[in-house]
Amino acid sequence: AQPPHPFVCTDYSQGKVFIVNTAGTVEWEYPAKNCNDLWVLPDGNLLFNTGHGVQEVTREKKVVFDYQSKSEIFACQRLDNGNTFIGECNAGRLLEVNPAGKIVKEIRLLPEGKDGGHAYIRNAPKLANGHYLVCHYGAQVVREYDDAGKEVMSIPAAGGPHSAARLPDGHTLIACG
């Protein structure tokens, strides 16, 4: 069966993001090493993580936002205010970065200088209530933090949580690796 509409996907092993058309063929692709968080923005641009960074790329393949880090990054999200949320894995930082690339908010889940390692954070969306839902892959738990970084909920997730989403009914959907 053919998809009813185009969709975007990432292939971690090939290090690319794709747009697949309704005929099931790739109509657009872009290199994105270690990508596993990918968003189609309202203007059609794509926002995604790139291993140690986050980029926004136009359909013409022009980079219009680029944030780079020493830390691995597995989480990104464009916020309603135009800033970009970024979860730095090793550093254990939750960041909001403005369109010019300046960090305008930082929440440290780990003390400065401590390395949480490759499995510290995977997906970590910012929720509508201003909290953050952080998948701590290695610890096998999803934690919700308030806007100051205080833990308000912890959900065990055996197998290593890779992605989590808050559903409209208040439940939390967790995908484990």
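Notes on the structure in this doc start here. From a predicted model like this one, the values you see are computed outputs, not experimental measurements.

Details of the environment of Ala 158
Within the element layout of this structure, Ala 158 appears in the loop between strand S13 (151–156) and strand S14 (161–166). Taking the C-alpha atoms as reference points, Ala 158 and Gly 177, separated by 19 residues in sequence, lie 9.3 Å from one another. Discounting chain neighbours no more than four positions away, the residues touching Ala 158 are Gln 140 and Cys 176.

Describing the sheet that holds strand S3 (residues 26–31)
Each strand in a sheet pairs with its neighbour through backbone hydrogen bonds, running either in the same direction (parallel) or in the opposite one (antiparallel). Across the sheet, which stays open at both edges, the three strands sit in the order S1-S2-S3 with antiparallel pairing between neighbours. If you trace the sheet from one side to the other, it starts and ends with strand S1 (7–11) and S3, each paired once. Averaged over neighbouring strand pairs, the angle between their axes works out to 20° when direction is ignored. The sheet contact formed by S1 and strand S2 (residues 16–20) spans five bridges and is antiparallel. Among the inter-strand pairings, Thr 10 is bridged to a residue of S2, identified as Val 17.

Concerning the nonpolar core
Grouped together as the largest cluster of nonpolar side chains are 15 residues, with contacts concentrated most on Phe 85, Leu 94, Leu 109, Ile 121 and Val 134. Sorting the residues of this core by element identifies strand S7 (63–78) and strand S11 (132–136) as the ones contributing at least two each. The residues contacting Val 134, other than those within four sequence positions of it, are Leu 94, Leu 109, Ile 121, Asn 123, Ala 124, Val 141, Val 142, Arg 143 and Tyr 145.

Remarks on the pairing of strand S8 (residues 84–88)
Counting buried positions along S8 gives five out of five residues, so the element sits mostly inside the fold. Alternating positions in S8 separate into two faces, Thr 84, Ile 86 and Glu 88 on one and Phe 85 and Gly 87 on the other, with burial throughout. Bridge analysis of S7 against S8 gives five bridges, and the strand direction is antiparallel. Opposite Arg 78, over in S8, you have Thr 84 as the bridge partner. Once S7 ends, the chain turns through five residues before running back antiparallel as S8, passing Gly 82 with a positive phi of about 95°. As paired strands, S8 and strand S9 (residues 93–97) are joined by five bridges and run antiparallel to one another. Residue Gly 87 lies in a different strand from S9, and its bridge partner there is Leu 94.

Describing the packing of aromatic side chains
All told, the structure shown has three aromatic pairs when counted by the stated rule. Counting every residue linked through ring pairs, the aromatic cluster contains Trp 28, Tyr 30 and Phe 48. Above the face of the Trp 28 ring, Lys 61 is positioned so that its terminal group lies 5.8 Å from the ring centre.

Side note on the pattern of salt bridges
Taken as a whole, this structure holds eight salt bridges when the rule is applied. The salt bridge involving Glu 29 is made with Lys 16; its shortest N-O contact spans 2.8 Å. Highlighted residues: Glu 29 in strand S3 and Lys 16 in strand S2, separated in sequence by 13 residues. Note on Glu 29: relative accessible area 30%, which makes it partly exposed. A network of salt bridges, in which partner residues are shared, links Glu 88, Arg 93, Glu 106 and Arg 108.

Looking at the side chain of Thr 84
Within the secondary structure layout, Thr 84 lies in strand S8. With residues up to four places along the chain from it excluded, the contact list for Thr 84 reads Leu 47, Val 54, Phe 65, Gln 77, Arg 78, Leu 95, Glu 96 and Val 97.

The rules we used
- Residues numbered from 1 in each chain as written.
- Predicted model: local features only at pLDDT ≥ 70, side-chain atom pairs only at ≥ 80, totals over all residues.
- Heavy atoms only, no water.
- Helix = DSSP H or I, 4+ residues; strand = E, 2+ residues; numbered from the N terminus.
- Contact = heavy atoms within 4.5 Å.
- Pairing = 2+ DSSP bridges.
- Axes fitted to C-alpha atoms, helices over the stretch in contact; angles between N-to-C directions.
- Core = buried A, V, L, I, M, F, W, Y, C linked by side-chain atoms within 4.5 Å.
- Buried < 20%, exposed > 50% of the residue type's maximum accessible area, 1.4 Å probe, protein only.
- Phe/Tyr/Trp six-rings, centres within 6.5 Å; stacked < 30°, edge-to-face > 60°.
- Lys NZ or Arg CZ within 6 Å of the ring centre and 35° of its normal.
- Salt bridge = Lys/Arg side-chain N within 4 Å of Asp/Glu carboxyl O.

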